[in-house]
Structure formats: C-alpha cells, structure tokens
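If you want the building blocks of each chain, they are given just below.
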Amino acid sequence: MLVTQQKTLRRFWYALMPMSMLDDGPRPFTLLGENIVVWKGADGRPAALRDRCCHRTAKLSKGFVENGNIVCGYHGWTYDCSGACVRIPQHPDNRIPAGAKVQSFHCQEKYGYVWVALDDPLQPIPDFPEDGDPAYRRILQFYEKWHTSPLRMMENSFDNSHFSFVHKSNFGMIDRPEPSKYEFRPHEWGFEAETHVPIRNPEASHRVTGTTEPVTERHLVNRWFLPFSRRFGCMYPASGRHHIIYNCATPIDDKSMMLVQWLYRNDSEESCSTQELIDWDRPITDEDRDILEATDYDACIDTRRRVEYHMESDKPGLLMRRMLLELFERHGETEAFLPARETL
Ligand code: FES
Ligand SMILES: [Fe+2]
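Residues numbered from 1 in each chain as written. Chains lettered and ligands numbered in written order. Predicted model: local features only at pLDDT ≥ 70, side-chain atom pairs only at ≥ 80, totals over all residues. Heavy atoms only, no water.

Going by what an unreviewed UniProt entry lists, the chain is known as (2Fe-2S)-binding protein and is assigned to Noviherbaspirillum aridicola.

Laid out in structure tokens, this is it:
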C-alpha cells in the first residue's frame, strides 16, 4: 500500500515514540513521508514541526531545546511550539520577518506516547480503556522499524491462519491449521472481532498464560482502529489473565512502518515480570516481522499492481481494505486505487 499517496491518511493520529525519548532533546521522525521534529515544550507537552529551518533549511532535529523552544543547530534561529520564529540571535534588534515560520502539526501525549496528526484529524486518538484502570499495569514492549506496509501488519494481526505456521515453534498448532471463526462487529472506528483459539502451552509460557495445561484457549476480543492501530484483546479463561496488546503500525513511508507496541496485564510483577513478558513476546514478534518483510509491501489495496488470492480466513484483511477504500472515496480520493470490487 502506497501510504504517501493517500492524503486522507494524514487526517489520523499516529503514535510516534515514547514520551521518554524526548528527555534528551528533539527527535526526528518521518511520518507518511513528511520529515518532522518533535520535542518537549516548557509545559512538558510535546510539539511537532516540519523538520526544516526556514533560514537555510537545516534539520531542526539537529538543534536543541531552550526554554521550551527549539533552536536550530546551524545559526540559532529559535521557534516556539506553533512554529513561529521568536529569535534571530545575529540581529536581536531587528524585527523578525513575518514569514519566518515553520509548519506545525497537531501533537499530544497519550498513553505515554507522542501522537501526531499531519492534517486536521477526522477522529480522536482511539480509546484504550485499560489505560489508567488500576486493574492493569502498562508495559512498553517494542519500538522498531519494519520494512513492510502498515496494512500488511494490520491484516496479519487479525489473520488466524498464520499461527500454525509462522508461530509453530511457539504457541501455534501445526496439526490444527483450520482457523477458528471470527464474529465481527463493525464500528465507525473500524471493527471488533471475537474468537476462541486453542494454543500450545509449553512450560516456558506457563507464567504468561497463568495455567499449566498443555493446550489452552485464548479468548480474543480484538479491535481494529482505522487506519493502522489495533487491540489484541487476549484473555486466558483457564487463569483469568489478560494479555492486552496495543499495536500502532505507524506509517513512515511507502516501504516501512514503526512498530509501536505496548501491553496491559491484569496480574502482578511477582506472577509474571515485565522482563518475562517482553522476552515472551520477542520471538513471536520477530516471527511476524520476518514473514511480513518477505511480502510485497505495496500489494494490499492497489489492485492495479498485483492479484492476490483470498480465502475465507482472509476476511478481516478484506474488511479493512473495503473500509479504507470507502474512507478514501468519502474524502474524494478515487484516483489512487482501482478497487476490484468483485474480490472484496
Ligand atoms: S539554517 Fe537554521 S538558523 Fe540557519
Ligand atoms: Fe503472528
């Protein structure tokens, strides 16, 4: 999927990075092909500007933060959180030219992360009800660049039929390849998909699942939030443990995305430590990344490029494509895609 071609995607919030990454100064990020800089303002809130000084185009992310403003590392022109130039050190007595300004973007903190929308957002940042609920602890799991499309990542995370193969040395059951059926509930923000999946439960996963039975069940209440966020709502009925993952597949450019992943657990550090939970999901996440980076990044929606063959178990991914196409069409984007409706 060529994300930079779809202007409507600029009208959503994306999780860019943990807030803690701003503790040491400004950071660059490429979002939908747009180079931006983020930093922490004087009030502790994050701000985002185009990463390009309006003096001689140096990247502002090479600069530093002073009194909540960002200072260009080349000649020290200084910008506030709205992008207005507030200081030209070489000429303190001259009036600052009216056009001395850098484009700013919508930026806020939520769930411990910096979120940015490039254009006016169509909807608020998705609601993740576990956050702030005293029954849950929040664990930052992974933050890494993947060379694949965010839509590939989203469809994979709802694809029950890959467990038996991609995760066969883990929880997947290679001798039970038939995927369990989903029940779908559409929402204006995407859909909810519920299912029950049997998994292998080797000894190494007993503290994660909270049960010692060799085969146990995952009750999944997953959610997809347009365009590239999802909830993996995993509950283990045998133990009552919840393992709720939120993933944002933040689009960097047409060929890559940032995996931003955090976890909520309703148990204690003693029953399963933060490190154990990171170590448990590490190889599973690597397996997904490895197979996704071995697919064509652009084949998801633009059916002029490729033909893909779909089975019943690909339904969640097909629903995503249909909802994205409808969204783009609603916002006047009919040029980029020639959807083969008969395949949807
Ligand atoms: S390029 Fe930024 S101050 Fe000169
Ligand atoms: Fe997977």
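1. A closer look at the sheet that holds strand S17 (residues 256-265)
Definition in use: Think of it this way: DSSP has to see at least two bridges between two strands before they count as a pair. Strands are runs of DSSP state E lasting at least two residues, helices are runs of H or I lasting at least four, and both sets are numbered from the N terminus onward. Axes here refer to lines fitted to C-alpha atoms; in helices the fit is confined to the stretch in contact. Angles between the N-to-C directions go from 0 to 180 degrees.
Pairing within the open sheet is antiparallel, and its 7 strands lie in the order S11-S17-S16-S15-S14-S13-S12. Either end of the sheet is taken by a strand with one partner, and the two such strands are strand S11 (137-146) and strand S12 (183-187). Pairs of neighbouring strands in the sheet enclose a mean axial angle of 20°, with direction left out of account. Direction of pairing for S12 relative to strand S13 (residues 190-200): antiparallel, over a ladder of 5 bridges. The residue of S13 that forms the bridge with His-187 is Gly-190.

2. Thoughts on the domain arrangement of the chain
Interfaces are frequently sized by the accessible area removed from exposure as the parts join. In plain terms, the rule: An automatic or database domain assignment supplies the residue ranges for each domain. Throughout, a residue-residue contact means that at least one pair of heavy atoms, one from each residue, lies within 4.5 Å. When two parts are put together, the accessible area they lose, computed with a 1.4 Å probe and summed over both, is reported as buried area.
According to the domain assignment, the chain consists of domain 1 (9-117) and domain 2 (137-327). Relative to domain 2, the C-alpha centre of domain 1 lies at a distance of 34 Å. The interface of domain 1 with domain 2 comprises 17 residues on the first partner and 17 residues on the second. On the domain 1 side of the interface with domain 2, the three residues burying the most area are Phe-12, Tyr-111 and Tyr-113, jointly 34% of the side's total.

3. Details of the packing of aromatic side chains
Selection rule: Within 6.5 Å between ring centres, the rings of Phe, Tyr and Trp (the latter by its six-membered ring) count as paired, and their orientation is classed by plane angle as stacked under 30 degrees, edge-to-face over 60, tilted in between. When a residue's accessible area, from a 1.4 Å probe over protein chains only, is under 20% of the maximum for its type it is buried; when over 50% it is exposed; and in between it is partly exposed. Only Lys NZ and Arg CZ are tested; either one counts as a charge over a ring when it is within 6 Å of the ring centre and within 35 degrees of the ring normal.
Summed over all chains, the structure comprises 17 aromatic pairs. Residues Tyr-113 and Trp-262 carry aromatic rings whose centres are separated by 4.3 Å and whose planes lie at 25° to one another, so their mutual orientation is stacked. Taken together, the residues span a long stretch of sequence, with Tyr-113 in strand S10 (residues 113-117) and Trp-262 in strand S17 at a distance of 149 residues. Each member of the pair, Tyr-113 as well as Trp-262, carries the same accessibility label: buried. Taken together, a centroid distance of 5.7 Å and an interplanar angle of 80° make the contact between Tyr-246 and Tyr-264 edge-to-face. Remark: Tyr-264 occurs in strand S17 and Tyr-246 occurs in strand S16 (residues 241-253); sequence separation between them is 18 residues. Relative accessible area serves as the criterion here: at 0%, Tyr-246 is assigned to the buried category. One aromatic cluster is present, built from ring pairs that chain together Tyr-111, Tyr-113, Trp-115, Phe-128, Trp-189, Phe-225, Tyr-246, Trp-262 and Tyr-264. The positively charged end of Arg-218 is found above the aromatic ring belonging to Phe-171, 4.1 Å away from the centroid. When the ring centre of Phe-142 is taken as reference, the NZ or CZ atom of Arg-282 above it lies at 4.2 Å.

4. Quick notes on the coordination of the iron ion (ligand 2)
Applicable threshold: Coordination shells were defined by N, O and S atoms within 2.8 Å of each metal, extended to 3.2 Å for Na, K and Ca; water is absent from the atom set, which can make sites look incomplete. Every geometry call rests on angle ranges, with four donors termed tetrahedral when all angles are between 85 and 135 degrees, four termed square planar and six termed octahedral when opposite donors are over 155 degrees apart and all others are between 65 and 115, and everything else termed irregular.
On the protein side, the iron ion (ligand 2) has His-162 (NE2), His-167 (NE2), Asp-288 (OD) and Asp-288 (OD) as donor atoms, found 2.1 to 2.5 Å from it. Around the iron ion (ligand 2) sit 4 donor atoms, and with donor-metal-donor angles ranging over 56 to 149° the site reads as irregular. In the primary sequence, the donor residues of the iron ion (ligand 2) line up as H-x4-H-x120-D. Pair noted here: His-167 is in the loop between helix H2 (163-166) and S12 and Asp-288 is in helix H4 (residues 274-292), with a separation of 121 residues, a long-range link. Given a relative accessible area of 1%, His-167 falls into the buried group.

5. Some words on the sheet that holds strand S6 (residues 69-71)
In space, the 4 strands of this open sheet follow the order S5-S6-S7-S8, with antiparallel pairing throughout. The sheet is open, and its two borders are formed by strand S5 (64-66) and strand S8 (85-87), each paired with just one other strand.

6. Examining unusual backbone geometry
Note the cis peptide between Leu-226 and Pro-227, where omega equals -10°. Although it is not a glycine, Asn-67 adopts a positive phi angle of roughly 50°. One can find Asn-67 in the loop between S5 and S6. Asn-67 sits in the exposed class, given a relative accessible area of 72%. In this structure, Tyr-111 is a non-glycine residue whose phi angle is positive, near 60°. Turning to its location among the elements, Tyr-111 is positioned in the loop between strand S9 (104-110) and S10.

7. Comments concerning the pattern of salt bridges
This is how it is decided: Definition used for salt bridges: Asp or Glu carboxyl oxygen within 4 Å of a side-chain nitrogen of Lys or Arg.
Per the counting criterion, the structure on display carries 21 salt bridges. The partner of Arg-282 in a salt bridge is Asp-286, and the shortest N-O contact between them spans 2.7 Å. Residue Arg-282 and its partner Asp-286 are located together in helix H4, separated by 4 residues, close to a single helical turn. By relative accessible area, which is 34% here, Asp-286 ends up partly exposed. One connected set of salt bridges, linked through shared partners, spans Arg-137, Arg-241, Arg-265, Asp-267 and Glu-269.

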